[in-house]
Amino acid sequence: MRIGVGFDVHCLVEGRKCIIGGVNIPHSLGLLGHSDADVLTHAICDALLGAAGLGDIGTYFPDNDTAFKNIDSQILLGRVRDEIVKAGFQIENIDSVVMAEKPKINPHRAEMKKILAKTLGIDETRIGIKATTTEKLGFTGREEGIAAQAVALLTFR
Ligand SMILES: [Zn+2]
């Protein structure tokens with residue numbers, strides 16, 4: 001068994017979509033980044049790559065490569081899944097936390113799980129998504145950005 005951890009942060013700005021876990025959440029602010037800036041999906045990518053000893057998301061998808069500009073992060077996660085499988089692993093489970101003052105994550109959690117499970121080719125019951133505020137403390141509390149953390153457990157097939 002191999003375990004991996006991933007962490008990601010993106011700024012909240014005007015004029016961008018707020019895509020978290022593949023869901024485009026209606027919000028006055030959106031996440032800034034080279035790709036679609038899906039903070040949760042990126043944390044999951046890093047957890048998976050870390051568990052497999054395959055580096056991190058920047059290794060595979062450099063943020064100076066125009067091919068990845070505004071790209072749907074589910075495409076990136078799908079490629080990560082392919083690398084994991086190629087290396088001989090299968091995904092046992094993923095757990096994650098999204099840290100955000102706003103928007104509310106819980107109303108969208110079921111859809112996020114559905115999208116992520118489809119991308120990863122695993123059952124929804126193997127994906128955990130939790131949400132927390134940081135009690136108005138720090139950059140997440142001031143609504144300057146959103147953070148996400150994920151762990152992934154892999155086994156050899
Ligand atoms: Zn990111």
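Q: How would you sum up the overall build of the chain? Please name residues and give values.
A: Summing up its helical and strand segments, the chain has five helices and seven strands in all. Helices (α) and strands (β) of the chain occur, in sequence order from the N terminus, as β-β-β-β-α-α-α-β-α-β-α-β. Computed over the C-alpha atoms, the radius of gyration of the chain is 15 Å, within 12% of the 15 Å expected from 2.2 N^0.38 for a compact globule of 157 residues. When its C-alpha atoms are laid out on the principal axes, the chain stretches across 45 × 35 × 25 Å. Among the 157 residues that make up the chain, the fraction classed as buried is 46%. Carbon together with sulfur atoms contributes 53% to the accessible area of the chain, which is approximately 7700 Å² in total.

Q: Run through the coordination of the zinc ion, naming residues and quoting values.
A: The protein atoms donating to the zinc ion are D8 (OD), H10 (NE2) and H42 (ND1), with metal-donor distances spanning 2.0 to 2.1 Å. In the primary sequence, the donor residues of the zinc ion line up as D-x1-H-x31-H. Taken together, the residues D8 in strand 1 (residues 2–13) and H42 in helix 1 (residues 39–51) connect sequence positions 34 residues apart. Like D8, the residue H42 is buried in the burial classification.

Q: An account of the packing of helix 1 against helix 4 (residues 109–120) is requested, with residue identities and associated values reported.
A: Closest axis-to-axis distance for the helix 1/helix 4 pair is 12 Å, and the angle between their directions is 40°. With respect to each other, helix 1 and helix 4 are oriented oblique. Here helix 1 and helix 4 pass one another in a crossing that is right-handed. Contact residues: helix 1 offers L40, T41, I44 and L48, while helix 4 offers M112, L116 and L120. Its residues assigned to classes, the contact of helix 1 with helix 4 shows six nonpolar, one polar and no charged.

Q: Help me get a handle on the pattern of salt bridges, residues and values and all.
A: Tallied over the entire structure, the rule returns seven salt bridges. Residue R81 is joined to D82 by a salt bridge in which the shortest nitrogen-to-oxygen separation is 3.0 Å. Judged by its relative accessible area of 39%, D82 is partly exposed. A salt bridge links K86 to E83; the shortest N-O distance between them is 3.4 Å. Of this pair, K86 and E83 both sit in helix 3 (residues 73–86), three residues apart, roughly one helical turn. When its relative accessible area of 65% is taken as the criterion, K86 is described as exposed.

Conventions and cut-offs
Along each chain, the written sequence defines residue order, and numbers are assigned to residues from 1. Local features in this predicted model are restricted to residues whose pLDDT is 70 or higher, and side-chain atom pairs enter the listing and the counts only when it is 80 or higher, whereas totals over whole chains, interfaces and linings include all residues. As a rule here, side-chain values come from all non-hydrogen atoms in the structure, and water together with hydrogens is ignored. Each helix corresponds to a stretch of at least 4 residues labelled H or I by DSSP, and each strand to a stretch of at least 2 residues labelled E; elements are numbered beginning at the N terminus. A radius of gyration in this sense is built from C-alpha atoms; the matching globule rule multiplies 2.2 Å by the number of residues raised to 0.38. Only protein chains enter the accessibility calculation, which uses a 1.4 Å probe; a residue whose area is less than 20% of its type maximum is buried, one above 50% is exposed, and one in between is partly exposed. Throughout, the Shrake-Rupley method with a 1.4 Å probe supplies accessible areas, and for residues the shown protein chains are the sole cover considered. Metal donors were taken as nitrogen, oxygen and sulfur atoms no farther than 2.8 Å from the ion, or 3.2 Å where the ion is Na, K or Ca. Water is excluded, so coordination may look unfinished. Structural elements are reduced to axes, namely lines fitted to C-alpha atoms, with helices fitted over the stretch in contact, and the angle between N-to-C directions of any two is expressed from 0 to 180 degrees. Geometric relationships in this document are graded by angle, where less than 35 degrees denotes roughly parallel, more than 145 denotes roughly antiparallel, 65 to 115 denotes roughly perpendicular, and other angles denote oblique. Left-handed describes a crossing whose near helix is turned anticlockwise from the far helix by less than a right angle; the clockwise case is right-handed. The contact rule is simple, with two residues in contact once any of their heavy atoms fall within 4.5 Å. Only Asp, Glu, Lys and Arg are considered charged, only Ala, Val, Leu, Ile, Met, Phe, Trp, Tyr, Cys and Pro nonpolar, and every remaining residue, Gly among them, polar. Salt bridges are counted wherever a side-chain nitrogen of Lys or Arg sits within 4 Å of a carboxyl oxygen of Asp or Glu.

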